[in-house]
Amino acid sequence: MNVNERVDELERQLRLAKLERRKGAQAPRDEPGGVLYWTVGCAVRKARISKGISQQELADLVEMRRTSIVNIEGGRQRLPITTLYDIADALGVQATTLLPRNEDV
């Protein structure tokens, strides 16, 4: 399984897990701005996996805890714009590649 197939599989698993969670609780995407943070989190996860680094490695690069990276990727933690730029730098991408289009949120 190549990296893109693995990313697609992880995103599919995430969607299924979120659907299961929605049955019993309010998902972060249902909160104001939730879709934005969930979409950014998915983009961070996809970029991280495509670079072949772990959540812990990314956390070390941006001087955060691994649990913060987990929560950012899951759309549960709202990140300041400066943190978005730090993450983008650590992943070697432009910050704009981690942001969704206006019409998608």
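Check the entry above for the structure.
Description of the structure in this document.

Parameters at a glance
- Residues numbered from 1 in each chain as written.
- Predicted model: local features only at pLDDT ≥ 70, side-chain atom pairs only at ≥ 80, totals over all residues.
- Heavy atoms only, no water.
- Patch = residues over 30% accessible without salt bridge, like charges linked within 9 Å, V, L, I, M, F, W, Y side chains within 5 Å.
- Areas by Shrake-Rupley, 256 points an atom, 1.4 Å probe, with all protein chains shown as cover.
- Salt bridge = Lys/Arg side-chain N within 4 Å of Asp/Glu carboxyl O.
- Helix = DSSP H or I, 4+ residues; strand = E, 2+ residues; numbered from the N terminus.
- Buried < 20%, exposed > 50% of the residue type's maximum accessible area, 1.4 Å probe, protein only.
- Contact = heavy atoms within 4.5 Å.
- Axes fitted to C-alpha atoms, helices over the stretch in contact; angles between N-to-C directions.
- Parallel < 35°, antiparallel > 145°, perpendicular 65-115°, else oblique.
- Left-handed = near helix turned anticlockwise from the far one by under 90°.

With that settled, consider a nonpolar patch on the surface. A cluster of nonpolar side chains, namely V35, L36 and V105, defines an oily patch on the protein surface of about 210 Å² accessible area. Within the fold, V35 resides in helix α2 (residues 34-51). Of the residues examined, V35 reaches a relative accessible area of 32% and is grouped as partly exposed.

Mapping E11 onto the fold places it in helix α1 (residues 3-22). The class of E11 is buried, set by a relative accessible area of 18%. Sequence-distant contacts of E11, defined by excluding residues within four places in its chain, comprise C42 and K46.

Summed over all chains, the structure comprises two salt bridges. Close ionic contact of R45 with E73 constitutes a salt bridge, the shortest N to O distance being 3.8 Å. With R45 in helix α2 and E73 in helix α4 (residues 66-73), the pair connects residues that are 28 residues apart, well separated along the chain. Considered together, R45 and E73 belong to a single accessibility category, that of buried residues. Linking R48 and E73 is a salt bridge whose minimum nitrogen-to-oxygen distance equals 2.6 Å. Within this pair, whereas R48 is found in helix α2, its partner E73 is found in helix α4, the two being separated by 25 residues in sequence. This pair shows no difference in class: R48 is buried, exactly as E73 is. Via salt bridges that share partners, R45, R48 and E73 belong to a single interconnected network.

On to the environment of Y37, then. Along the chain, Y37 turns up in helix α2. In this structure, the C-alpha to C-alpha distance between Y37 and V105, residues 68 residues apart in sequence, is 9.4 Å. For Y37, the contacting residues outside a window of four places in its chain are I72, G75, Q77, R78 and L79.

Let us look at the packing of α2 against helix α5 (residues 81-91). It is the contact of α2 with α5, at a shortest axis distance of 10 Å, that shows an interaxial angle of 20 degrees. Our classification of the angle between α2 and α5 gives roughly parallel. By crossing handedness, the relation of α2 to α5 is classed as left-handed. Note on element contacts: α5 touches α2 through L84, I87 and L91, opposite V40, V44, A47, R48 and K51.

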